[in-house]
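Summary of the model geometry
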Amino acid sequence: MSTPLHVLFVCGYGVGTSAMAAINVQKALKAERISAEVQHTSLGNMGSLKDWADVICIAVNLQQGVRFEPGKHIVTMINILDGPGIAGQIGKIVDEYYPGIRE
Amino acid sequence: MNEVFRFLMDDFLTKPVILIGLLVCLGYILQKEHITKIISGTICAMVGLQLIIFGGNQFSNVFKPIATAVSDATGISGYIMDSYAMRATTQQALGDNLGYMGYVFLLAFAVNLILVYFGKYTRARGLFLTGNIGTAQAQAVLWLVLSNLMIRTMPAVIISSVLLGVFWAYSTTLAAPVVEEVTGGGGFTIGHHQQIGIWFFGKIAHLFGKKEQDAENLKLPGVLAVFNNNVASVCIIMWVFVGAFMIPLGVEGIKELAGNDNWFEYIFMVGINFSVYMTVLLTGVRMMCTELTAAFRGIQERIVPDALPAIDVAALLPFSPNAATLGFIFCTLGTVLSIFVLLIAGSPILVLPGATPLLFSGGPIGVVANKKGGIRSVILCCTLLGIIQTFGTVWAITMMQYPEGAGWSGMFDWATVWPVITKLLNWIGQIFH
């Protein structure tokens, strides 16, 4: 078994929308046959989990002014309840950069 | 043996952290989780609650000496308007009764679930899933019921649950059409501290401008993005408002507060420390509430798959990032204007805004206003929002039954609907006592 994909969800306070997004997307990733570990946090605390994450999912309104190091995969979220849509975007990243992870 | 029993019943089991731990543990067992998950999840929830209690108490401890000094110097009592200040106030007011918040939270969810399940007859559609908000509201309502009705804990738990469950069912349903329009059929509604506000501004926002003048066409200064960072925004907002609040003390007064420290260092550290304890609080909320949100989402999908999930209000912000930023700015403006009115009118109570109502009421109402009436509507609605929230919170603080608390919510519903309910509870309490 390969190591699961690490997906980090980021929202303003790291307690509400990022948690809900993580719950929905994790379920949708299972449907995509992608094994993933998810965590969620606030924008202010994102630094401590940046290294852990393979993919960072962040709401579009929070992206302004945030710089990510090159090579980090970023997924922009608009409707955080759209699990399948966000999982689909992650799926594209998986196929291109982590082809071993999809079962 | 008898003594052990008495220790268990009167002391150990009534401690909030134990009560919540047992509840979470039972939940995991019912979900047939693996033993490692049962143990680790239960301990995480208990540590989370202790972090919340610790962070909330420290939050109050940073503010109270300042409030006392200003009150001694000017006769004005200062309070913070922030939903996390309400959490701190009610956890202190409830004391060892805090653990019953868990029962209120679960029973209120059950009431909400039943109302939605029979939605054909009750017309309720929204199911409140937001664990981070629901726990704060559960303890606030429990405190308001206990202190105003002056009844025993168990009946208070029942009454609080029904009140809160009905509020959740209908406030989320009221907001649903507006949220559906703003998100283009996003398939959710909002379960937070300002659903009634979303409904209210959804009704009037179109009057103030044309929606073709979309705020998204503007280019806003990039530096405003600093307020997206919660650690920074809490600190900056506290520097500004608590700093201004300390002006009447003068340098001499602040030196007295600072003790051995330099007075400027003291002011500087006030902002930093607020942010520290807010971070502690949020870490605790994350540890205690994420699993609750996940469990509620699971129950919703199983039992009422057609219900509208009511989720955290920040879900609206990506639908119009500029309007969210402008909403924050003009909500702050309305709040500051109202604070000046309070000062000029000689109000004995003054409120200082925390980051939460400005960002998470101002932001989403800005998004709603922009969708309905464009940029002019954002400006007018959010200024009005700040005014309503400030005066309403002053009213709520006169009724919070715990004057030594650090503050109250400052969010729309807690500045409008809940003070009215509190007033009614108070009348009922007085009739029976």
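Below is a short write-up of the structure. Remember, predicted model here, so these are calculated numbers, not experimental data.

Reading the values: the criteria
Residues numbered from 1 in each chain as written. Chains lettered and ligands numbered in written order. Predicted model: local features only at pLDDT ≥ 70, side-chain atom pairs only at ≥ 80, totals over all residues. Heavy atoms only, no water. Helix = DSSP H or I, 4+ residues; strand = E, 2+ residues; numbered from the N terminus. Rg over C-alpha atoms; globule rule 2.2 N^0.38 Å. Buried < 20%, exposed > 50% of the residue type's maximum accessible area, 1.4 Å probe, protein only. Contact = heavy atoms within 4.5 Å. Areas by Shrake-Rupley, 256 points an atom, 1.4 Å probe, with all protein chains shown as cover. Lys, Arg positive; Asp, Glu negative; His and termini not counted. Charge placed at Lys NZ, Arg CZ, Asp CG, Glu CD. Core = buried A, V, L, I, M, F, W, Y, C linked by side-chain atoms within 4.5 Å. Pairing = 2+ DSSP bridges. Expected span 1.5 Å × (residues − 1). Polar contact = N/O pair within 3.5 Å; in protein donor to acceptor, adjacent residues only side chain to side chain. Salt bridge = Lys/Arg side-chain N within 4 Å of Asp/Glu carboxyl O. Axes fitted to C-alpha atoms, helices over the stretch in contact; angles between N-to-C directions. Buried area = accessible area lost by both parts, 1.4 Å probe. Parallel < 35°, antiparallel > 145°, perpendicular 65-115°, else oblique. Left-handed = near helix turned anticlockwise from the far one by under 90°. Nonpolar A, V, L, I, M, F, W, Y, C, P; charged D, E, K, R; others polar.

**Structural notes on the overall build of chain B**
Along chain B, the regular secondary structure elements total 17 helices and 6 strands. Its C-alpha radius of gyration of 22 Å places chain B within 12% of the 22 Å reference for a compact globule of 433 residues. For chain B, the spread of C-alpha atoms along the principal axes amounts to about 60 × 55 × 50 Å. For chain B, buried positions account for 58% of its 433 residues. Excluding contacts between residues fewer than 6 apart, the proportion of contacts in chain B whose partners are at least 24 apart in sequence is 82%. As displayed, chain B has an accessible area near 17500 Å², and 67% of this comes from carbon and sulfur atoms. Charge centroids of chain B, computed over 22 positive and 22 negative side chains, lie 11 Å from each other.

**Re the nonpolar core**
Membership of the largest hydrophobic core comes to 165 residues, with the highest contact counts inside it found for A:I90, B:I198 and B:F274. Counting residues per element, this core draws most heavily on helix 12 (residues 263–303) of chain B, which supplies 13 residues. Apart from the residues within four sequence positions on either side, B:F274 is in contact with B:F59, B:V62, B:F63, B:I80, B:V234, B:M238 and B:V242. With 10 residues, the next largest nonpolar core counts A:V10, A:W52, A:I56 and A:L62 among its residues.

**Quick word on the pairing of strand 4 (residues 308–311) of chain B**
All names here are of chain B. Burial of strand 4 is two-sided: the residues L308 and A310 facing one way and the residues P309 and I311 facing the other way are all buried. Judged from the 3 bridges that link them, strand 2 (residues 126–128) and strand 4 form a sheet pairing that is parallel. What sits directly across from G126, in strand 4, is L308. As paired strands, strand 3 (residues 189–190) and strand 4 are joined by 2 bridges and run parallel to one another. By the bridge assignment for strand 4, T189 is matched with A310.

**Here we look at helix 3 (residues 35–74) of chain B**
With 40 residues, helix 3 of chain B extends 58 Å from end C-alpha to end C-alpha; this agrees with the ideal 58 Å at 1.5 Å per step. Directly beyond the C-terminal end of helix 3 of chain B, a positive phi value near 80° is found at B:G75.

**Section: the side chain of B:S361**
Residue and element names in this part refer to chain B. Mapped onto the secondary structure, S361 falls in the loop between helix 14 (355–360) and helix 15 (362–398). Its relative accessible area of 0% is what places S361 among the buried residues. Of the polar contacts made by the side chain of S361, one reaches the side chain of Q389; its length is 2.8 Å. Contact partners of S361, with chain neighbours within four places excluded, come to Q194, T356, L385, Q389, M411 and F412.

**With respect to the sheet that holds strand 6 (residues 407–408) of chain B**
Backbone hydrogen bonds hold the strands of a sheet together, and the pairing may be parallel or antiparallel. All names here are of chain B. Strand order in this open sheet of 3 strands is 5-1-6, and the pairing throughout is parallel. The outermost strands of the open sheet, each flanked by one partner alone, are strand 5 (349–353) and strand 6. Note: strand 1 (residues 77–81) against strand 6, 2 bridges, orientation parallel. Across the sheet, I80 pairs through a bridge with G407, a residue of strand 6.

**Quick notes on the pattern of salt bridges**
Enumeration over the complete set of coordinates arrives at 9 salt bridges over all chains. Each of the salt bridges in this network shares a partner with another, and the network as a whole consists of A:K27, B:R297 and B:E301.

**A look at the sheet that holds strand 4 of chain B**
Residue and element names in this part refer to chain B. Spatially, 2-4-3 is the arrangement adopted by the 3 strands of the open sheet, whose pairing is parallel. Edge positions in the sheet fall to strand 2 and strand 3, since each of these pairs with one other strand and no more. Strand contacts of helix 8 (residues 153–183): strand 2, strand 3 and strand 4, with the helix running at about 120° to strand 2, the strand carrying the most contacts.

**A word on the interface of chain B and chain A**
Between chain B and chain A, the contact holds 35 residues from the first and 28 residues from the second. Looking only at chain B, the three residues that lose the most surface to chain A are B:N228, B:R286 and B:P318, adding up to 23% of its buried area. Inspection of the region where chain B meets chain A yields 1 salt bridge. Close ionic contact of B:E301 with A:K27 constitutes a salt bridge, the shortest N to O distance being 2.2 Å. Between chain B and chain A we count 10 residue pairs in polar contact (both at pLDDT 80 or more) in total.

**Here we look at the pairing of strand 4 (residues 73–77) of chain A**
Residues and elements named next belong to chain A. Burial of the side chains of strand 4 is restricted to one face: H73, V75 and M77 are buried, whereas none of I74 and T76 on the reverse face is. Pairing of strand 3 (residues 55–59) with strand 4 involves 5 bridges; the strand directions are parallel. The residue bridging A59 from the neighbouring strand is M77, located in strand 4.

**Points about the packing of helix 1 (residues 17–31) of chain A against helix 2 (residues 83–97) of chain A**
Residues and elements named next belong to chain A. Between helix 1 and helix 2, the least distance of the axes is 8 Å, while the angle of their chain directions is 60°. Classified by the interaxial angle, the pair formed by helix 1 and helix 2 is oblique. Crossing geometry of helix 1 relative to helix 2 is assigned as right-handed. Touching N24, V25, A28 and L29 of helix 1 are G83, P84, I86, A87 and I90, all from helix 2. The residue inventory of the contact of helix 1 with helix 2, partitioned by class, reads 7 nonpolar, 2 polar and no charged.

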